[in-house]
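Observations on the model geometry
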Amino acid sequence: MYYTIGYASSPIPIKPDGVIEQRLNRITAGPNPASNKLIIQNGAGAIATIYSLTGKPLHTAGLKTNQESIDVNHLQPGMYILQYQYENVSRSRKIVINR
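Attention in this report is confined to the structure presented alongside it. Just so it is clear, the model here is predicted, and its values are computed rather than measured. (Residues numbered from 1 in each chain as written. Predicted model: local features only at pLDDT ≥ 70, side-chain atom pairs only at ≥ 80, totals over all residues. Heavy atoms only, no water.)

1. Looking at the nonpolar core
Core analysis: the largest hydrophobic core is formed by 21 residues, its most contacted members being Ile40, Ile50, Val72 and Leu82. When residues of this core are traced back to their parent elements, those giving at least two are α1 (16–25), β4 (37–41), β5 (47–51), β8 (78–86) and β9 (89–97). No other element matches the four residues that β8 contributes to this core. Leaving out residues up to four positions away in the same chain, isoleucine 40 has contacts with Ile27, Thr28, Ala29, Ala48, Leu63, Asn66, Gln67, Glu68, Ile70, Leu82 and Tyr84. (Core = buried A, V, L, I, M, F, W, Y, C linked by side-chain atoms within 4.5 Å. Buried < 20%, exposed > 50% of the residue type's maximum accessible area, 1.4 Å probe, protein only. Helix = DSSP H or I, 4+ residues; strand = E, 2+ residues; numbered from the N terminus. Contact = heavy atoms within 4.5 Å.)

2. So, the pattern of salt bridges
For side chains of opposite charge, pairing can occur when their charged atoms come near one another. Applying the stated criterion across every chain yields a total of one salt bridge. Between arginine 91 and glutamate 21 there is a salt bridge, with the nearest N and O atoms lying 3.6 Å from each other. On the criterion of sequence distance, the pair formed by arginine 91 in strand β9 and glutamate 21 in helix α1 is long-range, its members being 70 residues apart. On the accessibility criterion, arginine 91 (27% relative accessible area) is partly exposed. For glutamate 21, a relative accessible area of 32% puts it in the partly exposed group. (Salt bridge = Lys/Arg side-chain N within 4 Å of Asp/Glu carboxyl O.)

3. Topic: the sheet that holds β8
Consider a sheet: its strands pair through backbone hydrogen bonds, and that pairing is either parallel or antiparallel. Strand order in this open sheet of four strands is β6-β5-β8-β9, and the pairing throughout is antiparallel. Among the strands making up the open sheet, the edge pair consists of β6 (57–62) and β9. For this sheet the average axis-to-axis angle between neighbouring strands, irrespective of direction, equals 20 degrees. With nine bridges connecting them, β8 and β9 associate as antiparallel partners. Following the sheet pairing, leucine 82 is matched in β9 by arginine 93. (Pairing = 2+ DSSP bridges. Axes fitted to C-alpha atoms, helices over the stretch in contact; angles between N-to-C directions.)

4. Some thoughts on the environment of proline 57
Mapping proline 57 onto the fold places it in strand β6. For the pair proline 57 and glutamine 83, spaced 26 residues apart in sequence, the C-alpha separation works out to 9.9 Å. Setting aside residues no more than four positions away along its own chain, proline 57 makes contact with Thr49, Ile50 and Tyr51.

5. Digging into the packing of aromatic side chains
Aromatic ring pairs are defined here through the distance separating the ring centres and the angle between the ring planes. Within this structure, the stated rule accounts for zero aromatic pairs. In this structure, arginine 23 is placed above the aromatic ring of tyrosine 86, and the distance from its NZ or CZ to the ring centre is 4.2 Å. (Phe/Tyr/Trp six-rings, centres within 6.5 Å; stacked < 30°, edge-to-face > 60°. Lys NZ or Arg CZ within 6 Å of the ring centre and 35° of its normal.)

Quick look at the structure:
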């Protein structure tokens, strides 16, 4: 499925997944490394999941606003994967917990 935008002489096709990817690319998380909490910005409507490096989900949060705070005190110091998912598209980033 494609959408067309604009008033150009010929419409430009835009895949809906491309719009979602742009939205996911705007999401930021910090500080990285984090010690007590991780602040996620521009993530309203997405789901954030923190995974261990072995792929085990450790924490999942529905992001309701454009600035959400996730408590990471329960995680041991080390490296993790933070995944954002919106509809059927996801993005992953490495995060470090350091105390």
